[in-house]
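# Report on the structure
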Amino acid sequence: IIFVPVIPLFGYSVIRIRMQRIRLITVGQLKTPWIREGCGMYRKRLTSLAMFDVEELKASKENRPQRQIRDESVRLLESFGGEDLLVVLDERGKDKTTEEFASFLSGQKDLGLSITFVIGGAYGFDDLVRERADLVLRLSVMTLPHELSRLVFLEALYRSLDLARGGKYHHS
């Protein structure tokens, strides 16, 4: 509930603003200080635009990449739970412009849908995750380290939510 002045002479009125629930599930913790700082800045900014939460899963301790991918993918899907729209951030996904992403987010909000985004670990995802996804998005045509992917995604999410709200952060 937010209190906003209707007419200064008459006091305040109560307006309910429905905020979209957006969750990010990632594998691994942020270790690089400047990335951790940047992610913290965007997480703070996002709280004014959505009910935003980040869940970090521990990286697999499997020693073979294929086993590590499978272990992390299974745990990602278990953590997801299945109630939200699932968007996988993967180099094999579709490209969206900032405007298209803002429109997508706005459309899901209008439908009352919560969204869970997932970023895989160092070796990416198993096909299980991509097959379960409602949408697979690509952040870049180039491969990005998963820590940097998180920072790039948080900035893109903030930019798109602010654009959908009519904010001035994005310059066309």
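Refer to the structure printed above.
The following refers to the structure shown.

Conventions adopted
- Throughout this document, residue positions are counted from 1 along each chain, in the order its sequence is written.
- Local features in this predicted model are restricted to residues whose pLDDT is 70 or higher, and side-chain atom pairs enter the listing and the counts only when it is 80 or higher, whereas totals over whole chains, interfaces and linings include all residues.
- Excluding hydrogens and water, the side-chain values take into account all heavy atoms of the structure.
- Helix numbers and strand numbers start at the N terminus; a helix is a DSSP run of H or I with at least 4 residues, a strand a run of E with at least 2.
- Three labels apply to residues, based on accessible area from a 1.4 Å probe with only protein chains included: buried if under 20% of the type maximum, exposed if over 50%, partly exposed otherwise in between.
- Here a polar contact is taken to be a pair of N or O atoms separated by no more than 3.5 Å, where protein atoms must pair a possible hydrogen donor with a possible acceptor and residues adjacent in sequence count only if both atoms sit in side chains.
- Contacts are assigned to residue pairs with any non-hydrogen atoms lying within 4.5 Å of each other.
- Any Lys or Arg side-chain nitrogen located within 4 Å of an Asp or Glu carboxyl oxygen qualifies as a salt bridge.
- Aromatic pairing here means that ring centres of Phe, Tyr or Trp (its six-membered ring) are within 6.5 Å. Orientation follows from the plane angle: under 30 degrees is stacked, over 60 is edge-to-face, and everything else is tilted.
- Think of it as a cone above the ring: NZ of Lys or CZ of Arg counts as a charge over the ring if it is within 6 Å of the ring centre and within 35 degrees of the ring normal.
- Multiplying 1.5 Å by the residue count of a helix minus one yields the expected span of that helix.
- Throughout, the arc means that of the directions going from the helix axis to the C-beta atoms.

## Some remarks on the side chain of Asp126
As for its position among the elements, Asp126 is in the loop between β6 (115–119) and α4 (127–132). In this structure Asp126 comes out as buried when scored by relative accessible area, which is 16%. A polar contact is formed between the side chain of Asp126 and the side chain of Arg70, at a distance of 3.2 Å. A distance of 2.9 Å separates a polar atom in the side chain of Asp126 from the backbone nitrogen of Leu128. Setting aside chain neighbours within four positions, we find Asp126 in contact with Ile69, Arg70 and Ser73.

## Remarks on the pattern of salt bridges
Summed over the entire model, instances satisfying the criterion amount to 12 salt bridges. The salt bridge partner of Arg138 is Asp95, with a shortest N-O separation of 2.7 Å. One end of the pair, Arg138, is in the loop between β7 (135–137) and α5 (146–165); the other, Asp95, is in the loop between β5 (85–94) and α3 (98–110), with 43 residues separating them in the sequence. Residue Arg138 is classed as partly exposed on the basis of its relative accessible area, which comes to 24%. Its relative accessible area of 46% is what places Asp95 among the partly exposed residues. A salt bridge links Asp134 to Arg132; the shortest N-O distance between them is 3.6 Å. Using a relative accessible area of 44% as the deciding quantity, one classes Asp134 as partly exposed. Judged by its relative accessible area of 30%, Arg132 is partly exposed. Beyond isolated ion pairs, a larger network of salt bridges with shared partners links Asp90, Arg92, Asp127 and Arg130.

## A look at the environment of Leu137
Mapped onto the fold, Leu137 is located in strand β7. Separated by 43 residues in sequence, Leu137 and Lys94 have C-alpha atoms that sit 4.7 Å apart. Those residues in contact with Leu137 that lie beyond four places of it in its chain are Val87, Val88, Leu89, Asp90, Gly93, Lys94, Lys96 and Phe101.

## Considerations on the packing of aromatic side chains
Aromatic rings in a pair are described by how distant their centres are and how their planes are angled relative to each other. Taken as a whole and judged by the stated rule, the model has 5 aromatic pairs. Here the aromatic rings of Tyr42 and Tyr158 are separated by 6.0 Å at their centres, their planes lie at 50°, and the arrangement is tilted. In this pair, Tyr42 sits in helix α1 (residues 33–46) while Tyr158 sits in helix α5, placing the two residues 116 residues apart along the sequence. For the pair Tyr42 and Tyr158, one class covers both residues: buried. Ring centres of Phe101 and Phe104 lie 6.3 Å apart, and the angle between their planes is 10°; this geometry places the pair in the stacked category. Note that Phe101 and Phe104 are positioned in helix α3 at a spacing of 3 residues, about one turn of the helix. Considered together, Phe101 and Phe104 belong to a single accessibility category, that of buried residues. Through a chain of ring-to-ring contacts, three or more aromatic side chains come together here, namely Phe101, Phe104, Phe117 and Phe153. Above the plane of the ring of Tyr158 lies Arg45, whose end atom (NZ or CZ) is 5.4 Å from the centre.

## Things to note about helix α2 (residues 65–80)
Helix length check: α2, at 16 residues, gives a terminal C-alpha distance of 22 Å against a target of 22 Å (1.5 Å per residue), a fit within 8%. Residues of α2 that are buried: Gln68, Ile69, Glu72, Ser73, Leu76, Ser79 and Phe80. Projection of α2 onto a plane perpendicular to its axis shows the buried side chains occupying an angular sector of 130°, all on one side. Among the exposed residues of α2, those pointing more than 90 degrees away from its buried face are Gln66 and Glu78. Positive backbone phi, at 85°, marks Gly81, one or two positions downstream of α2.

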